[in-house]
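Structural overview
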Amino acid sequence: MTMLAELPFWILALLTLVGIVAGFVDTLAGGGGMLTIPSLLLAGLPPDAALATNKLQGSCGTLLATWYFVKRGQIQFRRLLPGIAACALGAACGTLTVQYLPKEALQQALPLLLAVVALIFIFMPSLGSVAREARLPYGKFALAAALPIGFYDGFLGPGTGSFFMLALISLRGYTLQNATIEAKAYNATTNLVSLLVFLIGGKIVWLAGVAMAVGQILGARLAAGLIISKGNRLIRPAVIAMSLIMSAVLAHRYWF
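Residues numbered from 1 in each chain as written. Predicted model: local features only at pLDDT ≥ 70, side-chain atom pairs only at ≥ 80, totals over all residues. Heavy atoms only, no water.

**Some thoughts on helix α8 (residues 176–201)**
A rise of 1.5 Å per residue sets the reference length of α8, with its 26 residues, at 38 Å; its end C-alpha atoms lie 37 Å apart and thus fit the reference within 8%. Phi turns positive one or two residues past the end of α8, at G202, with a value near 65°. (Helix = DSSP H or I, 4+ residues; strand = E, 2+ residues; numbered from the N terminus. Expected span 1.5 Å × (residues − 1).)

Below, the structure is given as structure tokens:
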């Protein structure tokens, strides 16, 4: 693409800085796309290229966070294979479906869904504070939650990390800390599937994507360490804040 030669150094530097902040926020609570997609658009990328390039940098952040947790024994990768497979299948179906079906109804409902996530954590302060007995065995969780959330991420996307966390807490009895950690493996899967679709379409602006990915990796690494050391004390307010911010931004975008 000729656009590769049209991005000056200062824009690339700013994209890297945005990537750091987005990687930190995304790893803690999700919602980094609220920063990265507008930044890519402001850098001059057309919408389809901005979405594709965003998946490149976002995949780097979620993969780094997942690798960090695997390396420290927080994620047992083999145990998660059914859920990862369900996420991949769902994301692939969602990415294909979005090309043929309208998504306006889901866009209209999304701000309310994210507001509900925030309200649940606000008015149920003990949610995810201690581990509880699972309501669904893992195989059923993969089909009932990982598959549809993966589909949603391929179909639309905003708030995917928050939905994974809430599903793991409510259906698998996880603490908020453990749900945040495991959600990264699922989110990395859905990001990679969407990235592969965009790779086939040739829409990625590599220079911008790599610059932002460097920032994503740095931000994700910092946040991953804090998730282990600080746990629920840091994650809960971050999830509430980002869910409310995403709800407000998306309500402005889709309602007005």
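Now that the structure has been shown, we can carry on.
**Some words on the nonpolar core**
Of all hydrophobic cores here, the largest spans 51 residues; its most connected members are F69, F121, F141 and Y186. Apart from residues no more than four positions distant in its own chain, F121 is found in contact with L127, L166, I169, L176, R236, V239 and I240. Formed by 13 residues, the second largest nonpolar core is a distinct cluster that contains L7, L15, A50 and V205. (Core = buried A, V, L, I, M, F, W, Y, C linked by side-chain atoms within 4.5 Å. Buried < 20%, exposed > 50% of the residue type's maximum accessible area, 1.4 Å probe, protein only. Contact = heavy atoms within 4.5 Å.)

**Examining the layout of surface pockets**
Size it by volume and the largest pocket reaches roughly 1,000 Å³. What lines the largest pocket is a set of 42 residues, and nearest its centre among them are I37, L51, N54, K55 and L156. Elements supplying a minimum of two residues to the lining of the largest pocket: α2 (33–42), α3 (47–71), α6 (138–155), α7 (160–172), α8 and α10 (232–255). Here the lining of the largest pocket gets eight residues from one element, more than from any other, and that element is α3. Partitioning the lining of the largest pocket into residue classes produces 14 nonpolar, 21 polar and seven charged. Of the volumes computed, that of the second largest pocket is approximately 160 Å³. Ranked by the residues each element gives to the lining of the second largest pocket, the list is headed by α7, at three residues. Of the residues that constitute the lining of the second largest pocket, the class distribution is six nonpolar, three polar and three charged. (1 Å grid on protein atoms, 1.4 Å probe; cavity = no way out; pocket = protein on both sides within 12 Å on 5 of 7 lines; lining within 4 Å. Points joined across faces, edges and corners; volume = space filled by probe spheres on them. Nonpolar A, V, L, I, M, F, W, Y, C, P; charged D, E, K, R; others polar.)

**Here's the deal with the packing of α7 against α8**
At a minimum axis distance of 8 Å, the contact between α7 and α8 shows a crossing angle of 130°. With respect to α8, the axis of α7 lies oblique. Read as a crossing pair, α7 and α8 show a hand that is right-handed. Mapping the contact onto sequence places T160, G161, F164, M165, L168 and I169 in α7 and L176, A179, T180, E182, A183, Y186, N187 and T190 in α8. The class makeup of the residues in the contact of α7 with α8 is eight nonpolar, five polar and one charged. (Axes fitted to C-alpha atoms, helices over the stretch in contact; angles between N-to-C directions. Parallel < 35°, antiparallel > 145°, perpendicular 65-115°, else oblique. Left-handed = near helix turned anticlockwise from the far one by under 90°.)

**Here's the deal with the packing of aromatic side chains**
Inspection of the entire model under this criterion finds six aromatic pairs. Between the aromatic rings of F141 and Y186, the centroid separation amounts to 6.5 Å while the plane-to-plane angle is 45°, which identifies the pairing as tilted. One end of the pair, F141, is in helix α6; the other, Y186, is in helix α8, with 45 residues separating them in the sequence. Considered together, F141 and Y186 belong to a single accessibility category, that of buried residues. Through a chain of ring-to-ring contacts, the aromatic side chains of Y138, F141, F164 and Y186 assemble into a single cluster. Cation over ring: R79 sits above Y138, and NZ or CZ is 5.7 Å from the ring centre. (Phe/Tyr/Trp six-rings, centres within 6.5 Å; stacked < 30°, edge-to-face > 60°. Lys NZ or Arg CZ within 6 Å of the ring centre and 35° of its normal.)

**Here's the deal with the side chain of T95**
In this structure, T95 sits in helix α4 (residues 81–97). When its relative accessible area of 8% is taken as the criterion, T95 is described as buried. If sequence neighbours within four positions are ignored, T95 has contacts with G154, F155, S194 and V197.

**Section: the environment of L80**
Its location among the elements puts L80 in the loop between α3 and α4. You can call L80 buried: its relative accessible area is 0%. Sequence separation between L80 and Y138 is 58 residues; the distance between their C-alpha atoms is 8.7 Å. The residues touching L80, leaving out its near neighbours within four places in the chain, are I75, Y138, E182, A185 and Y186.

**Digging into the UniProt feature "transmembrane region" (unreviewed entry) in the protein**
According to UniProt, the positions carrying the feature "transmembrane region" (unreviewed entry) are residues 7–29, 80–100, 112–131, 143–171, 191–214 and 234–255. Helix makes up 81% of residues 80–100 and strand 0%, and the two end C-alpha atoms of the span are 31 Å apart. Within residues 112–131, the helical portion is 60% and the strand portion 0%, while the C-alpha atoms at the span's ends are 28 Å from each other. (UniProt positions renumbered as here; feature names shortened; annotations may be inferred.)

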